[in-house]
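# Working through the structure, step by step
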Amino acid sequence: MKVHVRKNDTVVVISGKDQGKIGEVLAVMPKNGKVLVKGVNIVSRHQKPSRANMQGGIVKSEAPIYSSKVMLYCTKCKKATRISHKLLEDGTKVRVCKHCKETF
């Protein structure tokens, strides 16, 4: 499954409980079609005390969400955007914002 975002991209969540939140992509899982976004889809896990975590308790962390629920966020025009691809003169392929033509 192809994922349209990459690690370290800034994305905005377009549906679900965290709709409208903006965050950075921490990890991409193309096999599942999911992404891990910082500060989005926070889940609580109950952890038993162990040598690594002496205290135990409830640990909050991010869980993956489907990549179809996020859109790339353009920092120049300050909104979610689709992307197009463009070839530069030197032959490199870049991603371009559909609204303001800014390269990513």
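Residues numbered from 1 in each chain as written. Predicted model: local features only at pLDDT ≥ 70, side-chain atom pairs only at ≥ 80, totals over all residues. Heavy atoms only, no water.

With that settled, consider the pairing of strand 10 (residues 93–97). If a strand is regular, its side chains alternate between the two faces of the sheet. For strand 10, the buried fraction is high: four of the five residues fall into the buried class. Bridge count for strand 9 (residues 83–87) against strand 10 is five bridges, and the pairing is antiparallel. Counterpart to His85 in the pairing with strand 10 is Arg95. (Buried < 20%, exposed > 50% of the residue type's maximum accessible area, 1.4 Å probe, protein only. Helix = DSSP H or I, 4+ residues; strand = E, 2+ residues; numbered from the N terminus. Pairing = 2+ DSSP bridges.)

We now examine the pattern of salt bridges. Within this structure, the stated rule accounts for three salt bridges. Close ionic contact of Lys76 with Glu102 constitutes a salt bridge, the shortest N to O distance being 3.8 Å. One end of the pair, Lys76, is in the loop between strand 7 (70–74) and strand 8 (79–81); the other, Glu102, is in the segment after strand 10, and 26 residues separate them in sequence. (Salt bridge = Lys/Arg side-chain N within 4 Å of Asp/Glu carboxyl O.)

The subject of this paragraph is the packing of aromatic side chains. For the structure on display, the rule yields zero aromatic pairs. Stacked on the ring of Tyr66, the Lys or Arg Lys34 has its end atom at 4.7 Å from the ring centre. (Phe/Tyr/Trp six-rings, centres within 6.5 Å; stacked < 30°, edge-to-face > 60°. Lys NZ or Arg CZ within 6 Å of the ring centre and 35° of its normal.)

Let's shift gears to unusual backbone geometry. One non-glycine residue, Asn41, lies in positive phi territory at about 60°. Structurally, Asn41 can be placed in the loop between strand 3 (34–37) and strand 4 (42–47). Of the residues examined, Asn41 reaches a relative accessible area of 15% and is grouped as buried. Non-glycine residue Lys78 carries a positive phi angle of around 55°. For Lys78, the position within the fold is in the loop between strand 7 and strand 8.

Moving on to the UniProt feature "domain: KOW" (unreviewed entry) in the protein chain. When the UniProt feature table is mapped onto this chain numbering, "domain: KOW" (unreviewed entry) sits at residues 4–31. Structurally, residues 4–31 comprises 0% helix and 43% strand, and the distance from its first C-alpha atom to its last is 13 Å. (UniProt positions renumbered as here; feature names shortened; annotations may be inferred.)

Time to look at the state of the cysteines. In the structure shown here, the tally under the stated rule is zero disulfides. In this structure Cys77 is not part of a disulfide, and its nearest cysteine sulfur, from Cys74, lies 3.4 Å away. We note that Cys100 lacks a disulfide partner, and the nearest cysteine sulfur, in Cys74, lies 3.5 Å from it. On the basis of relative accessibility, which here comes to 23%, the residue Cys100 falls in the partly exposed class. (Disulfide = S-S within 2.5 Å.)

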